[in-house]
Every structure is written in C-alpha cells, then in structure tokens.
Amino acid sequence: MDTPGRPKLAKTPLELLNSPGIEPGVLHVLYTPIVGGLLGFVSVILANWAGKKPLMSGIQKHIVGLSAGVGIGVLVDKYRNEHLAKRDAIFRHYIELHPEDFPPYERVKIGDVFEPWRPIR
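Rules and cut-offs
- Residues numbered from 1 in each chain as written.
- Predicted model: local features only at pLDDT ≥ 70, side-chain atom pairs only at ≥ 80, totals over all residues.
- Heavy atoms only, no water.
- UniProt positions renumbered as here; feature names shortened; annotations may be inferred.
- Helix = DSSP H or I, 4+ residues; strand = E, 2+ residues; numbered from the N terminus.
- Rg over C-alpha atoms; globule rule 2.2 N^0.38 Å.
- Buried < 20%, exposed > 50% of the residue type's maximum accessible area, 1.4 Å probe, protein only.
- Contact = heavy atoms within 4.5 Å.
- Areas by Shrake-Rupley, 256 points an atom, 1.4 Å probe, with all protein chains shown as cover.
- Lys, Arg positive; Asp, Glu negative; His and termini not counted.
- Charge placed at Lys NZ, Arg CZ, Asp CG, Glu CD.
- Expected span 1.5 Å × (residues − 1).
- Patch = residues over 30% accessible without salt bridge, like charges linked within 9 Å, V, L, I, M, F, W, Y side chains within 5 Å.
- Salt bridge = Lys/Arg side-chain N within 4 Å of Asp/Glu carboxyl O.

An unreviewed UniProt entry annotates the chain as NADH dehydrogenase [ubiquinone] 1 subunit C2 originating from Dendroctonus ponderosae. The UniProt entry for the chain carries the following comment under Function (unreviewed entry): "Accessory subunit of the mitochondrial membrane respiratory chain NADH dehydrogenase (Complex I), that is believed not to be involved in catalysis. Complex I functions in the transfer of electrons from NADH to the respiratory chain. The immediate electron acceptor for the enzyme is believed to be ubiquinone." Annotation of the chain in UniProt includes, under Sequence similarities (unreviewed entry), the sentence "Belongs to the complex I NDUFC2 subunit family."

Here it is, written out as structure tokens:
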C-alpha cells in the first residue's frame with residue numbers, strides 16, 4: 001500500500017529503528033553552537049553590567065566568551081548525538097533478542113477504531 005511521494009511505513013519496530021530517518025536541516029545542526037555562542041557573549045555583557053563598566057568594553061572578553069560558548073555548544077551537540085545513538089543501539093539489540101515482545105504492526109484504519117456515531121438529542 002505504498003504510494004509514490006509518501007514515506008514508506010515500517011511494518012516492525014526493528015524496521016523503524018533501522019530506517020535512515022530524516023536528514024537534519026541547517027538550523028538543527030547549528031542551533032546548539034549558536035545558542036552557546038550567544039550565551040557566552042551575553043554572559044560577558046552581564047559581567048560588565050554587574051561591574052558597572054561599559055557593556056561593550058574589553059572586546060577580547062566578548063570574543064573569548066563567544067568562542068567558548070560555540071565550543072561548548074559543539075561538545076554538547078556531539079555528546080547528545082552519541083547518547084542518542086547508544087540509546088538506539090540498546091533498543092535495537094533488545095528488539096533483536098526479544099522479537100516475541102514486538103509483533104509486526106497491524107494497520108488499522110480510523111473508521112475501524114471509532115464506533116458509529118449516534119447523536120443524542
């Protein structure tokens with residue numbers, strides 16, 4: 001029942017985990033480093049404000065804060081991707097060891113799920 005232009009539906013949980021998935025977009029890839037860089041930059045501005053200095057004084061501190069924030073953002077993104085890959089590997093292994101717990105999906109149409117509608121007046 002595959003129709004052209006639509007994604008192929010998985011029939012088993014293992015098939016679902018082994019599917020290639022969706023390629024992450026540009027915003028998804030750059031989100032964590034950008035947020036980290038902004039947090040580093042803003043933290044230097046807040047430190048200057050707390051010290052009663054001009055907000056943009058010591059531009060080298062702003063550059064270091066921005067760079068450190070981007071670096072930390074990249075590391076956090078890398079750790080998150082490794083963690084999610086390890087989690088998926090554990091799920092995949094468990095499903096391979098216990099296939100009886102994961103029967104193939106039965107496709108159910110929405111019309112079969114709902115009971116006939118009877119208006120109450």
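So, next bit.
**Details of the overall build of the chain**
In terms of helices and strands, the chain carries four helices and zero strands. For the chain, the succession of helices and strands along the chain, N to C, is α-α-α-α. The C-alpha atoms of the chain give a radius of gyration of 25 Å, which is well past the 14 Å a tight globule of 121 residues would have. Once the C-alpha set of the chain is aligned to its principal axes, its extents read approximately 70 × 55 × 30 Å. The proportion of buried residues among the 121 residues of the chain is 12%. Considering only intrachain contacts with a sequence separation of at least 6, the fraction spanning at least 24 residues in the chain is 60%. Total accessible area on the chain is roughly 10,600 Å²; 68% of this is exposed by carbon and sulfur atoms. In the chain, 15 positive and 12 negative side-chain charges are present, and the distance between their average locations comes to 13 Å.

**Describing helix α3 (residues 59-97)**
For α3, with 39 residues, the first-to-last C-alpha span of 57 Å sits near the 57 Å given by 1.5 Å per residue. The set of residues buried in α3 consists of H62, G65, G69, G73, D77 and I95. Packed against the buried residues of α3 are α1 (13-18) and α2 (26-50).

**Considering a nonpolar patch on the surface**
A contiguous nonpolar patch, built from V42, L46, W49, L55, M56, I59 and I63 and spanning about 720 Å² of accessible area, is present on the exposed surface. Sorting the residues of the nonpolar patch by element identifies α2 and α3 as the ones contributing at least two each. It is α2 that contributes the most residues to the nonpolar patch, three residues altogether. Within the fold, I63 resides in helix α3.

**So, the UniProt feature "transmembrane region" (unreviewed entry) in the chain**
Mapped onto this numbering, the UniProt entry gives "transmembrane region" (unreviewed entry) at residues 30-51. The span residues 30-51 carries 95% helix and 0% strand; its end-to-end C-alpha distance comes to 32 Å.

**Some points on α2**
Three- or four-residue spacings in an α-helix give side chains the same orientation, since the helix completes a turn every 3.6 residues. The terminal C-alpha atoms of α2 lie 36 Å apart, and with 25 residues this matches the ideal 36 Å at 1.5 Å per residue to within 8%. Along α2, the positions that sit buried rather than exposed are P33, G36, G37, G40, V44, I45 and N48. Directly after α2, the chain includes K52, whose backbone phi takes a positive value near 55°.

**Notes on the pattern of salt bridges**
Side chains that differ in charge, positive against negative, can pair when their charged atoms come close. For the structure on display, the rule yields one salt bridge. For the salt bridge of R87 with D88, the shortest nitrogen-to-oxygen distance reads 3.5 Å.

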